[in-house]
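Reading the structure
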Amino acid sequence: MEPILKIRNLSISFKQYEKGTKQRKIQTIRNLSLEILPGQVAAVVGESGSGKSLLAHGILGILPYNSQMKGEILYDGRTLDKKRAEELRGREIALIPQGVSWLDPLMKVGPQLFKGKKDAQTKTRYREALARYGLGPETEELYPFELSGGMARRVLIASAVAEKPRLVIADEPTPGLDERTAVRILGHFRELADEGAAVLLITHDLRLALTIADQVTVFYNGETIEKASPEDFQDIRRLKAPFTKALWTAMPEHDFKAAEIEGPGDVGGDA
Ligand SMILES: Nc1ncnc2c1ncn2[C@@H]1O[C@H](COP(=O)(O)OP(=O)(O)OP(=O)(O)O)[C@@H](O)[C@H]1O
Ligand SMILES: [Mg+2]
């Protein structure tokens, strides 16, 4: 089976000026390779600042202007460049952005969702998506500032998945949601995968990721320090990197034994 998304040796760096004209290169992601087959949920887990959002933005071709990307990204076996990503985004490829600030503050929810389309079919599809996340049609009449954080997040998710995407990139989709809603939303990602989509789930929450993931990539400071299957997390001895072990130990069901093993220590490379 051909992967829906295939990433080979992806590196992302930034050029920054310091003290006037002196330039500095900041290496964020290094040599990342990742494949997601149809039907798979791939989780990328890592702490804050490890490069998770950059990965999402790199795939979608929306990195900041001072960035540099190397390596190869293939979607359906063909190079996914900026132009193609732009064409597919919002149709075949859906991004669930990390920040709810991606909503336009001056536009009511309804028109933002329908994106100019006025036909009954589109409206029904989006209404069904909203309803799926417990949001009634009255939500369409609200401005983003009238939504709670959790509601805004559910609007973003509904908006992303209403078009039945083949590739879902969910960047930290659950903060601000109660446990039950978070679990339901992840369950829905699982369903999308079971129907044939590829899902990239970006999160710092290993425990939630393990409820639906088929493969787990652990990021530390831009480097892939572990690739594991969910089964590997049943036994800490099957995990290799100290940071992954620390994540495992910090899971509530593992009884907060974090003190017994070493912290992330020397796993991070040269930063
Ligand atoms: N425009 C930029 N210029 C320079 N460095 C940047 C830029 N954007 C991001 N970075 C750096 O890249 C690194 C990774 O950032 P990224 O947003 O991908 O982290 P993250 O894993 O998504 O974190 P979080 O869990 O907090 O969302 C950070 O160290 C950040 O400072
Ligand atoms: Mg992020």
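Naming follows an unreviewed UniProt entry, where the protein appears as Nickel import system ATP-binding protein NikD of Merdimonas faecis. UniProt, in its Subcellular location (unreviewed entry) section for the protein, records the words "Cell membrane".

Turning to the overall build of the protein, a few remarks are in order. Within the protein, the secondary structure is distributed over eight helices and ten strands. Taking 271 residues into account, the globule formula puts the C-alpha radius of gyration at 18 Å, and the protein, at 19 Å, falls close to it. Within the span of the protein, comprising 271 residues, buried residues form 49% of the whole. Taking as baseline every contact in the protein between residues at least 6 positions apart, the subset at least 24 positions apart corresponds to 68%. For the protein, the exposed area adds up to about 13,800 Å²; of that, 50% sits on carbon and sulfur atoms. One finds the centroid of the 38 positive side-chain charges in the protein at a distance of 5 Å from the centroid of its 38 negative side-chain charges.

Moving on: the coordination of the magnesium ion (ligand 2). The expected angle between donors at a tetrahedral four-coordinate metal is 109.5 degrees. At an octahedral six-coordinate metal it is 90 or 180 degrees. Only Ser 53 (OG) and Gln 98 (OE1) from the protein coordinate the magnesium ion (ligand 2), and they sit 2.0 to 2.1 Å from it. Residue Ser 53 is found in helix 1 (residues 52–60), and its partner Gln 98 is found in the loop between strand 6 (93–96) and helix 3 (109–114); the two are separated by 45 residues along the sequence.

So, on to the site of ligand 1. Neighbouring ligand 1 are 14 residues, the closest being Ser 48, Gly 49, Lys 52, Ser 53 and Gln 98. Gly 49 places a main-chain nitrogen or oxygen 2.8 Å from an oxygen atom of ligand 1. Listing elements by their share of the shell around ligand 1, those giving two or more residues are strand 1 (5–18) and helix 1. Looking at the shell around ligand 1, the element that brings in the most residues is helix 1, giving three residues. Each residue belonging to the shell around ligand 1 can be placed in one class, and the counts come to three nonpolar, nine polar and two charged.

Under the counting rule described, the total for this entry stands at three aromatic pairs. Geometrically, the ring pair formed by Tyr 143 and Phe 145 is stacked, given 6.2 Å between the ring centres and 15° between the ring planes. Under the relative-accessibility criterion, Tyr 143 is labelled partly exposed at 30%.

In a regular helix each residue adds 1.5 Å, so 13 residues correspond to 18 Å; helix 5 (residues 149–161) covers 19 Å between its end C-alpha atoms and thus fits that length. Of all 13 residues that make up helix 5, eleven are buried, and the element is covered over most of its length. Of the residues making up helix 5, those classed as buried are Gly 150, Ala 152, Arg 153, Arg 154, Val 155, Leu 156, Ile 157, Ala 158, Ser 159, Ala 160 and Val 161. Buried residues in helix 5 make contact with strand 6, helix 3, helix 4 (120–132) and helix 6 (179–194).

Moving on to the UniProt feature "domain: ABC transporter" (unreviewed entry) in the protein. The positions that UniProt labels "domain: ABC transporter" (unreviewed entry) are, in the present scheme, residues 7–246. Between the end C-alpha atoms of residues 7–246 there is a gap of 27 Å, over a span that is 31% helix and 30% strand.

Residue position: Arg 153 is located in helix 5. For Arg 153, a relative accessible area of 8% gives the class buried. Distance in space between the C-alpha atoms of Arg 153 and Pro 175 is 8.6 Å, their sequence separation being 22 residues. Those residues within four positions of Arg 153 in sequence are excluded, and the remaining contacts are Pro 97, Gln 98, Val 100, Glu 172, Pro 173, Thr 174, Pro 175 and Leu 177.

Rules used throughout
- Residues numbered from 1 in each chain as written.
- Chains lettered and ligands numbered in written order.
- Predicted model: local features only at pLDDT ≥ 70, side-chain atom pairs only at ≥ 80, totals over all residues.
- Heavy atoms only, no water.
- UniProt positions renumbered as here; feature names shortened; annotations may be inferred.
- Helix = DSSP H or I, 4+ residues; strand = E, 2+ residues; numbered from the N terminus.
- Rg over C-alpha atoms; globule rule 2.2 N^0.38 Å.
- Buried < 20%, exposed > 50% of the residue type's maximum accessible area, 1.4 Å probe, protein only.
- Contact = heavy atoms within 4.5 Å.
- Areas by Shrake-Rupley, 256 points an atom, 1.4 Å probe, with all protein chains shown as cover.
- Lys, Arg positive; Asp, Glu negative; His and termini not counted.
- Charge placed at Lys NZ, Arg CZ, Asp CG, Glu CD.
- Donors = N, O, S within 2.8 Å, 3.2 Å for Na, K, Ca; no water.
- Near = heavy atom within 4 Å.
- Polar contact = N/O pair within 3.5 Å; in protein donor to acceptor, adjacent residues only side chain to side chain.
- Nonpolar A, V, L, I, M, F, W, Y, C, P; charged D, E, K, R; others polar.
- Phe/Tyr/Trp six-rings, centres within 6.5 Å; stacked < 30°, edge-to-face > 60°.
- Expected span 1.5 Å × (residues − 1).

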